[in-house]
Amino acid sequence: MTPEQVERYARHIVLREIGGPGQNKLLGAKVLCIGAGGLGSPALMYLAAAGVGTLGIVDDDVVSLSNLQRQVLHDTDKVGDLKTDSATAAINRINPEITVVSHTERLTESNAADIISRYDLVLDGSDNFETRYLVNATCVALKIPLISAAMSQWEGQISLYDPANGGPCYACVFPERPAAGLAPSCAEAGVMGALAGVMGSMMAGETIKHITGAGETLCGQLLIYDALYGEMRKIKTSANTSCKTCQQG
Ligand SMILES: [Zn+2]
């Protein structure tokens, strides 16, 4: 590390669980974030600040005025711009050392493996179940761990899925996608803006722990946060032996 890096990351380096070796792991890490929206915004900002060396962003959307209530990576003057462009500019302002890779496209069956295989860890902050199951299946096939978070109205949930190391995959815990209309989008149901800050920051925190080996990750545990009553609980999860996604072959 350069003297500037030692100063920039001093508060991490002084932590016993991270230290110089942990900070070097962060500097060498490649993390992909699916979606630069409510969850992706704080996750990307904190990972950029933490010095995660390469941050990939998958998003094909443009910034809209109704995003700004919670998507704090984007400013009012970025309305109409691509979220990948707005996110790259914001990350560069936070930490110009970070290599940002924009994937300005929708994740599909045909590009998912090619994009995801370039990274060590994937964060899913997408807003639809089709993408969630596709990201999970691709991460399972490539043996890449996945931190997946979701939120609706006042409640959020997060876990780390790493079936290659014994934990369940996303489809073990959520085997069936909800029927149309049963899981309304944020646009339909609403979401409290600061909840995105809590859940996206948790994604960044779990990422930092996973990369540095600090503490215990949420592998095998689903954390649920109810912001309306300020309550948090954890549910133990385990691999489903009949999971169609991770138990075949
Ligand atoms: Zn599974």
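Keep in mind that this is a model prediction, so the values were computed, not measured.

(A) Representation of the nonpolar core. By size, the foremost hydrophobic cluster in this structure holds 41 residues, and its most contacted members are Leu 55, Leu 123 and Ile 158. By residue number, the principal contributor to this core is helix H10 (residues 193-212), which donates eight residues. Dropping the residues within four chain positions of it, Leu 55 is found in contact with Val 31, Leu 44, Leu 47, Ala 48, Ile 91, Ile 98, Thr 99, Val 100 and Val 101. Counting residues in hydrophobic clusters, the runner-up holds 25 residues, among them Ile 34, Val 122, Tyr 133 and Cys 246.

(B) Quick peek at the coordination of the zinc ion. Taken together, Cys 169 (SG), Cys 172 (SG), Cys 243 (SG) and Cys 246 (SG) make up the full set of protein donors to the zinc ion, lying 2.2 to 2.3 Å away. Geometry at the zinc ion is tetrahedral, judged from the four donor atoms that bind it and their angles of 95 to 120 degrees at the metal. Along the chain, the residues donating to the zinc ion fall in the pattern C-x2-C-x70-C-x2-C. Note that Cys 169 is positioned in the loop between strand E6 (155-161) and helix H8 (170-173) and Cys 243 in the segment after strand E8 (231-236), a separation of 74 residues in sequence. For the pair Cys 169 and Cys 243, a shared accessibility class is recorded, and that class is buried.

(C) Examining the sheet that holds strand E7 (residues 221-226) more closely. What the eight strands build is an open sheet, ordered E3-E2-E1-E4-E5-E6-E7-E8; its pairing is mixed. A strand with exactly one partner marks an edge of an open sheet, and here the two such strands are strand E3 (99-103) and E8. Averaged over all pairs of adjacent strands, the angle between their axes in this sheet comes to 15 degrees, without regard to strand direction. Alignment of strand E2 (residues 54-58) against E3, held across five bridges, turns out to be parallel. Looking at E3, one finds that Val 58 is bridged to His 103. Contacting E2 and E3, helix H5 (residues 83-94) runs over the sheet at an angle of about 175 degrees to E3. In the packing of H10 onto the sheet, contacts are made with strand E1 (30-34), strand E4 (121-124), strand E5 (146-152), E6, E7 and E8, and the angle to E6 comes to roughly 15 degrees.

(D) Highlighting the environment of Asp 114. If you trace the backbone, Asp 114 turns up in helix H6 (residues 112-116). The class for Asp 114 is partly exposed, based on a relative accessible area of 45%.

(E) Fine view of the packing of aromatic side chains. If you walk through the whole model with that rule in mind, you get three aromatic pairs. Ring centres of Tyr 161 and Tyr 170 lie 5.7 Å apart, and the angle between their planes is 85 degrees; on these two criteria the pair is classed as edge-to-face. Overall, Tyr 170 belongs to the buried group, its relative accessible area being 5%.

(F) Here's a closer look at the environment of Ile 208. Take Ile 208: it is sitting in helix H10. For the pair Ile 208 and Gln 23, spaced 185 residues apart in the sequence, the C-alpha separation amounts to 9.3 Å. In contact with Ile 208, not counting residues within four places along its chain, are His 12, Ile 18, Leu 26, Leu 47 and Ala 50.

(G) Geometry of the pattern of salt bridges. The final tally for this structure, using the stated rule, is seven salt bridges. A salt bridge links Arg 106 to Asp 60; the shortest N-O distance between them is 3.9 Å. With Arg 106 in the loop between E3 and H6 and Asp 60 in the loop between E2 and H5, this residue pair connects regions lying 46 residues apart in the sequence. Between Lys 83 and Asp 61 there is a salt bridge, and its shortest N-O distance comes to 3.9 Å.

(H) Highlighting a nonpolar patch on the surface. On the surface, a cluster of nonpolar side chains totalling about 360 Å² of accessible area is made up of Trp 154, Leu 228 and Tyr 229. The topology assignment puts Tyr 229 in the loop between E7 and E8. You can call Tyr 229 exposed: its relative accessible area is 62%.

(I) Structural detail: the packing of helix H4 (residues 40-50) against H10. Across the interface, H4 lies against H10 with an axial gap of 7 Å and an inter-helix angle of 40 degrees. Comparing their axes, H10 and H4 come out oblique. The handedness of the crossing between H4 and H10 comes out as right-handed. Where H4 abuts H10, its residues Pro 42, Ala 43, Tyr 46, Leu 47 and Ala 50 lie against Ala 196, Gly 197, Gly 200, Ser 201, Met 203, Ala 204, Thr 207 and Ile 208. Here the contact of H4 with H10 is composed, by residue class, of nine nonpolar, four polar and no charged.

Parameters and conventions
- Residues numbered from 1 in each chain as written.
- Predicted model: local features only at pLDDT ≥ 70, side-chain atom pairs only at ≥ 80, totals over all residues.
- Heavy atoms only, no water.
- Core = buried A, V, L, I, M, F, W, Y, C linked by side-chain atoms within 4.5 Å.
- Buried < 20%, exposed > 50% of the residue type's maximum accessible area, 1.4 Å probe, protein only.
- Helix = DSSP H or I, 4+ residues; strand = E, 2+ residues; numbered from the N terminus.
- Contact = heavy atoms within 4.5 Å.
- Donors = N, O, S within 2.8 Å, 3.2 Å for Na, K, Ca; no water.
- Tetrahedral: all angles 85-135°; square planar, octahedral: opposite > 155°, others 65-115°.
- Pairing = 2+ DSSP bridges.
- Axes fitted to C-alpha atoms, helices over the stretch in contact; angles between N-to-C directions.
- Phe/Tyr/Trp six-rings, centres within 6.5 Å; stacked < 30°, edge-to-face > 60°.
- Salt bridge = Lys/Arg side-chain N within 4 Å of Asp/Glu carboxyl O.
- Patch = residues over 30% accessible without salt bridge, like charges linked within 9 Å, V, L, I, M, F, W, Y side chains within 5 Å.
- Areas by Shrake-Rupley, 256 points an atom, 1.4 Å probe, with all protein chains shown as cover.
- Parallel < 35°, antiparallel > 145°, perpendicular 65-115°, else oblique.
- Left-handed = near helix turned anticlockwise from the far one by under 90°.
- Nonpolar A, V, L, I, M, F, W, Y, C, P; charged D, E, K, R; others polar.

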